[in-house]
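Tertiary structure, described
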Amino acid sequence: MKLIGIIVNPLSGDGKGASIWREIETYLKLNHISYLAKVTTKAGEATEHAITLVQEYHVDKLIVIGGDGTIHEAAGGLWHIQKTGLNCPLAVIPAGTGNDFAKAYGIPTHSIQALEAAISEAKKVQIDILRTSSGMIAVNSIGAGFDGMVAKLTNEASYKKFLNRIGLGKLSYFISILRVFATYQPCTAWLEVDGTVHELPDMWLAAVANIPFYGGSIQICPAASPHDGAADIVVIQSRGRGRSRLLPILFTVYQGKHIHHPAVSFYKGTSISLRTQIPLLVQADGEFAGSTPLQIEIVPSALTVIGT
């Protein structure tokens, strides 16, 4: 009999994960669907659960009930065991704040619909991943500078919990953007893409994207695709302009209309490195991930995802 593995982050979305899991568990029992669930209690545990469920229990598919951070951890576990020859498809029931991964693959926001899509395996796709020189992987994006600070501030902010409770969690990213924007100091960086070095004075942000969205559906790289074997890189530089000249970016990035702003540049490649004048904070799939320098490679068709 096929066994579904489930990883639940009950704290995702300020408790939304727990309520969604109760609904999902009831559905599974009523429909006599075999499953084994693991609940996370601390950061990093989703990686361990993913490895255990596939290696020891040989689950047929892995469903994550959580946000992009939980997906990030679970995908890391799947990638780790895939190197041993075990391959397990990843499905998601979105329960986070931004849910960028779910949006990228057309996964329903309605929990039971997302579960039914996962069970039926309506559409399986192979996706690329981003891998750093330290061995960490990301499925959405890796960014340094402004967005690294925004990710750290948002994850630590009390207003994120409050806004999640009233269904306005995505606003927490925008509030953090405004807070960081007021004080951020850009620096010089050197971006190398497939052997070509670009010097970037007054760099605010460099993000390497596998999907168009991050930070709660911000379309940071509208052309990014997880199926093309390459990463899209977006860079924002003030180029001597005052910060007020960058304000239009903040209000157009949600629709992806920032691409025409003179402070925004795009690159595309398979091997990317970033050195910075001073260490800058790094985010991976919205989670704090250390500081620069960065070395990133794209791994084509690395994971199987169940979408719609």
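Parameters and conventions
Numbering of residues starts from 1 in each chain and follows the order in which that chain's sequence is written. Owing to the predicted nature of the model, reporting of local features is limited to residues with pLDDT of at least 70; listing and counting of side-chain atom pairs is limited to 80 or more, with chain, interface and lining totals taken over all residues. Hydrogens and waters are ignored; side-chain quantities use all the structure's heavy atoms. Nonpolar cores were defined as sets of buried Ala, Val, Leu, Ile, Met, Phe, Trp, Tyr and Cys residues, with membership established by side-chain atoms within 4.5 Å. Here's how the labels work: a residue is buried when its accessible area is under 20% of the maximum for its type, exposed when over 50%, partly exposed in between, all with a 1.4 Å probe on protein chains only. Put simply, DSSP marks the helices as runs of H or I at least four residues long and the strands as runs of E at least two long, and each gets a number from the N terminus on. The criterion used for residue contact is that any of the two residues' heavy atoms lie within 4.5 Å. To count toward a patch, a residue needs a relative accessible area above 30% and no salt bridge. Like charges then connect within 9 Å, nonpolar side chains (Val, Leu, Ile, Met, Phe, Trp, Tyr) within 5 Å. Residue-level accessible areas treat just the shown protein chains as cover; the underlying method is Shrake-Rupley with a 1.4 Å probe. By definition, a salt bridge exists where a carboxyl oxygen of Asp or Glu is found within 4 Å of a side-chain nitrogen of Lys or Arg. Axes here refer to lines fitted to C-alpha atoms; in helices the fit is confined to the stretch in contact. Angles between the N-to-C directions go from 0 to 180 degrees. Here the word oblique covers every angle except those under 35 degrees (roughly parallel), over 145 (roughly antiparallel) and from 65 to 115 (roughly perpendicular). Each crossing is labelled by how the near helix is turned from the far one, with a counterclockwise turn of less than a right angle marking it left-handed and a clockwise turn marking it right-handed. In the scheme used here, Gly and all other residues not listed as nonpolar or charged are polar, with Ala, Val, Leu, Ile, Met, Phe, Trp, Tyr, Cys and Pro taken as nonpolar and Asp, Glu, Lys and Arg as charged. DSSP-based pairing: two strands are paired if at least 2 bridges between them are found.

Attention now moves to the nonpolar core. Formed by 50 residues in total, the largest nonpolar core has its most connected members in Ile-24, Leu-62, Ile-65 and Phe-101. Residue contributions to this core peak at six residues, all from helix H3 (residues 68-82). If near-sequence neighbours (up to four positions away) are discounted, Ile-24 is found in contact with Ile-65, Ile-93, Ser-111, Ile-112 and Leu-115. The next biggest cluster of nonpolar side chains, apart from the first, holds 47 residues, and it includes Val-150, Val-253, Leu-294 and Ile-298.

Moving on: a nonpolar patch on the surface. Taken together, the side chains of Phe-162, Ile-166, Leu-168, Leu-171 and Ile-175 present a nonpolar region at the surface, about 420 Å² in accessible area. Inspection of the secondary structure assignment puts Leu-171 in helix H8 (residues 171-181).

For the rest of this paragraph, the subject is the packing of helix H1 (residues 12-30) against helix H5 (residues 111-120). With their axes 10 Å apart at the nearest point, H1 and H5 run at an angle of 50° to one another. Put simply, H1 runs oblique to H5. For the pair H1 and H5, the sense of crossing is right-handed. Listed contacts from H5 to Ile-20, Glu-23, Ile-24, Tyr-27 and Leu-28 of H1 are Ser-111, Ile-112, Leu-115, Glu-116 and Ile-119. Taken together, the residues of the contact of H1 with H5 sort by class into seven nonpolar, one polar and two charged.

With that settled, the discussion passes to helix H2 (residues 45-55). Those residues of H2 that sit buried are Glu-45, Ala-46, His-49, Ala-50, Ile-51, Leu-53 and Val-54. Residues of H2 that are buried make contact with strand E1 (4-8), strand E2 (35-39), strand E3 (61-66) and H3.

Of the pairings in the sheet, the one linking strand E8 (residues 187-193) to strand E14 (residues 271-276) comprises five bridges and is antiparallel in character. Bridging from a neighbouring strand, Trp-190 pairs with Arg-275 of E14. Pairing geometry for E14 and strand E17 (residues 294-307), over four bridges, is antiparallel. From the neighbouring strand, Leu-274 faces E17, where its bridge partner is Leu-294.

When their charged atoms lie close together, side chains carrying opposite charge are able to pair. Overall, the coordinates contain eight salt bridges when judged by the stated rule. The closest approach of N and O atoms between Glu-156 and Lys-152, which form a salt bridge, is 2.9 Å. With Glu-156 and Lys-152 both in helix H6 (residues 146-156), this residue pair falls four residues apart, about one helical turn. Residue classification places Glu-156 among the exposed positions, given a relative accessible area of 56%. The class for Lys-152 is partly exposed, based on a relative accessible area of 28%. A salt bridge links Lys-268 to Asp-232, with the nearest nitrogen and oxygen atoms 2.5 Å apart. Here Asp-232 lies in strand E12 (residues 231-237) and Lys-268 lies in strand E13 (residues 264-269), a separation of 36 residues in the sequence.

Relative to the elements of secondary structure, Ile-20 occurs in helix H1. On the accessibility criterion, Ile-20 (8% relative accessible area) is buried. The sequence separation of Ile-20 and Gln-55 amounts to 35 residues, and the corresponding C-alpha distance is 26 Å.

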